[in-house]
Amino acid sequence: QEYTALKLKVLEWAPKAAEAIKGKIPDGANVFLVPATLRPETMYGQTCCFVGPKLNYGLFKVDDNNYFVITERAARNMAYQGIFSKEGSIEKAADLVGSDIVGTLVNAPLSLHKEGVRVLPMETVLPTKGTGVVTSVPSDSPDDFATVTELAKKADYYGIKKEWAELEIYPIIETPSYGDLCAPFLVKKLKIASPKDTKQLEEAKELAYKEGFYQGIIKVGDFKGEKVETAKPKVRAQLFEAGEAFAYSEPERKVVSRSG
Ligand code: ZZB
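Just so we're clear, the structure is a prediction, and the values are computed from it rather than from any experiment.

1. Observations regarding the pairing of strand β2 (residues 8–12)
Part 1: In the sheet, β2 pairs with strand β3 (residues 30–33) via two bridges, with the strands oriented antiparallel. Its bridge partner being in β3, leucine 8 is matched across the sheet by leucine 33.
Part 2: The pairing of β2 with strand β9 (residues 105–107) spans three bridges and is antiparallel. Note that in β9 the partner of lysine 9 across the bridge is asparagine 107.

2. So, the pattern of salt bridges
Part 1: Under the criterion given, the structure shown has 17 salt bridges.
Part 2: The salt bridge involving lysine 61 is made with glutamate 91; its shortest N-O contact spans 4.0 Å. Linking lysine 61 in strand β6 (residues 56–63) with glutamate 91 in the loop between α2 (72–79) and β8 (92–97), this pair joins segments that are 30 residues apart in sequence.
Part 3: The class for glutamate 91 is partly exposed, based on a relative accessible area of 40%.
Part 4: The salt bridge partner of arginine 76 is glutamate 72, with a shortest N-O separation of 2.6 Å. With arginine 76 and glutamate 72 both in helix α2 and four residues apart, the pair spans about one turn of that helix.
Part 5: Overall, glutamate 72 belongs to the partly exposed group, its relative accessible area being 30%.

3. Description of the site of the ligand
Part 1: Within the structure, the ligand sits among 17 residues, and Thr37, Leu126, Lys129, Lys205 and Tyr209 are positioned closest to it.
Part 2: Contacts to the ligand include threonine 37, whose side-chain N or O atom sits 2.7 Å from an oxygen atom.
Part 3: Within the side chain of tyrosine 209, a nitrogen or oxygen atom sits 2.8 Å from an oxygen atom of the ligand.
Part 4: Contact with the protein chains hides 90% of the accessible area of the ligand, taken as 710 Å² for the molecule alone.
Part 5: For the shell around the ligand, the elements supplying multiple residues, two or more each, are β4 (36–37), β11 (133–136) and α7 (198–215).
Part 6: By residue number, the principal contributor to the shell around the ligand is α7, which donates three residues.
Part 7: Of the residues contributing to the shell around the ligand, the split by class is nine nonpolar, four polar and four charged.

4. A few points about helix α4 (residues 142–153)
Given 3.6 residues to a turn, an α-helix orients residues that are three or four positions apart in the same direction.
Part 1: Over its twelve residues, α4 runs 17 Å from end to end, which matches the ideal 16 Å to within 8%, given 1.5 Å per residue.
Part 2: Of all twelve residues in α4, nine are buried, a share of seventy percent or more.
Part 3: All of the buried residues in α4 are Pro142, Asp144, Phe145, Ala146, Thr147, Val148, Glu150, Leu151 and Ala152.
Part 4: Close packing links the buried residues of α4 with β5 (48–51), β10 (117–121), β11, α5 (155–158), α6 (182–189) and α7.

5. Observations concerning the sheet that holds β6
Part 1: A sheet is described by the order of its strands in space; here nine strands give the open sequence β8-β6-β7-β3-β2-β9-β10-β5-β11, paired in mixed fashion. Because the sheet does not close on itself, it has two edges, and the strands there are β8 and β11. On average, each strand axis in the sheet is tilted by 35 degrees relative to the strand beside it, whichever way the strands run.
Part 2: The strands that α4 touches are β5, β10 and β11; relative to β5, the one it contacts most, it runs at about 90 degrees.

6. Some thoughts on the sheet that holds strand β14 (residues 245–249)
Part 1: Taken in spatial order, the three strands of this open sheet run β4-β1-β14, and their pairing is antiparallel. Looking along the sheet, the strands with just one partner apiece sit at the ends: β4 and β14.
Part 2: Two elements, strand β1 (residues 2–6) and β14, share five bridges in a ladder whose sense is antiparallel. Residue pairing in the sheet places threonine 4 in a bridge with alanine 247 of β14.

7. Points about α7
Part 1: In this model α7 runs 25 Å from its N-terminal to its C-terminal C-alpha over 18 residues, within 8% of the 26 Å that 1.5 Å per residue would give.
Part 2: Packing partners of the buried residues in α7 comprise α4, α6 and α8 (228–241).

8. So, the nonpolar core
Part 1: If you look at the biggest cluster of nonpolar residues, it comprises 53 residues, and the most contacted ones within it are Leu33, Tyr57, Val69 and Ile160.
Part 2: Apart from the residues lying within four places of it in its own chain, the contact partners of valine 69 are Trp13, Val31, Phe32, Leu33, Val34, Tyr57, Gly58, Leu59, Leu96, Ile101 and Val133.
Part 3: With 17 residues, the next largest nonpolar core counts Tyr3, Ile70, Ala75 and Phe246 among its residues.

Reading the values: rules and limits
Numbering of residues starts from 1 in each chain and follows the order in which that chain's sequence is written. Whole-chain, interface and lining totals are the exception, using all residues; otherwise, since this is a predicted model, local features are given only for residues with pLDDT of at least 70 and side-chain atom pairs are given and counted only at 80 or more. Heavy atoms from the whole structure form the basis of all side-chain values; hydrogens and water molecules are not counted. In this description, strands pair whenever DSSP reports at least two bridges between them. Labels follow the DSSP assignment, with helices taken as runs of H or I lasting at least four residues and strands as runs of E lasting at least two, numbered in each case from the N terminus. Basic side-chain nitrogens of Lys or Arg form a salt bridge, by our definition, when they fall within 4 Å of a carboxyl oxygen of Asp or Glu. For each residue, the accessible area found with a 1.4 Å probe, counting protein chains only, is set against the maximum for its type, and the residue is called buried under 20%, exposed over 50%, and partly exposed in between. The rule for a residue being near a molecule or strand is that one of its heavy atoms must lie within 4 Å of it. Here a polar contact is taken to be a pair of N or O atoms separated by no more than 3.5 Å, where protein atoms must pair a possible hydrogen donor with a possible acceptor and residues adjacent in sequence count only if both atoms sit in side chains. Surface accessibility follows the Shrake-Rupley procedure with a 1.4 Å probe radius. Residue values consider only the protein chains on display as shielding. Amino acid classes used here: Ala, Val, Leu, Ile, Met, Phe, Trp, Tyr, Cys and Pro are nonpolar; Asp, Glu, Lys and Arg are charged; the rest, including Gly, are polar. Each helix should span, by expectation, one fewer than its residue count multiplied by 1.5 Å. In this description, contact between two residues means that some pair of their heavy atoms is separated by no more than 4.5 Å. All axes here are fitted lines through C-alpha atoms, helices being fitted over the stretch that makes contact, and every angle between N-to-C directions spans 0 to 180 degrees. Take the buried Ala, Val, Leu, Ile, Met, Phe, Trp, Tyr and Cys residues and link them wherever side-chain atoms come within 4.5 Å; each set so joined is a nonpolar core.

Here it is in structure tokens:
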């Protein structure tokens, strides 16, 4: 599985995260939250960045001036992919719990929200997939739309400011069957009421992937008017050239046979 790992630069830390990292990295060092995505062409539509509130993250050193917030598992994988200055080893500067990072303001490359987006909690983030950090594109990802809807509805319960979950959802991909806001359309059509409707969300995701990838036309950015299929590698290359993303591979999940 080859992902695009995107660098979301921290602009302003949430108070608890600021406390946790205090004195642990050099003054002026850059810190990035690094979500892994399979849909780089949707990055225009980012409205927030998700972490699992109960998951453990680390602040890992990339080089003297740059650090990533990801799971330790992802850091170990990255250490063998030429991503850190020291090959094969990881250096953790601080530990962070997801809930401490919530509220942090980050710059999301290509997002139409140039002022930055907030880190928000998502209960369904898997620690065993990608980097444990997920960028949110509610226009095209049903899971993301269901989660931001829930967060805005119960902002106090989730300990966030309502407006953090209510950034405008701009149309970025036009599709023949589901219009230009594919995820909200499918969430409504399949009567998905919350992020707990996992079965319908799985189905919505399948439908959104197929329609978006094979039929979608990009509506914004440098590749406006092009098919998603052709624009996708171009957007990815552009992010790589700008130093805003890099390739990250997940090792194959080996099936261990009982006989050994
Ligand atoms: C942005 C995005 C935009 C995504 C979209 C999807 C869609 P898959 O196919 O199941 O492997 N993701 C990445 N890491 C995690 C994690 N640890 N826990 C939960 N979700 C995670 O899913 C790959 C997608 O799952 C990734 O691509 C990421 O969300 C999310 F418009 O990034 B995506 C129809 C889907 N649309």
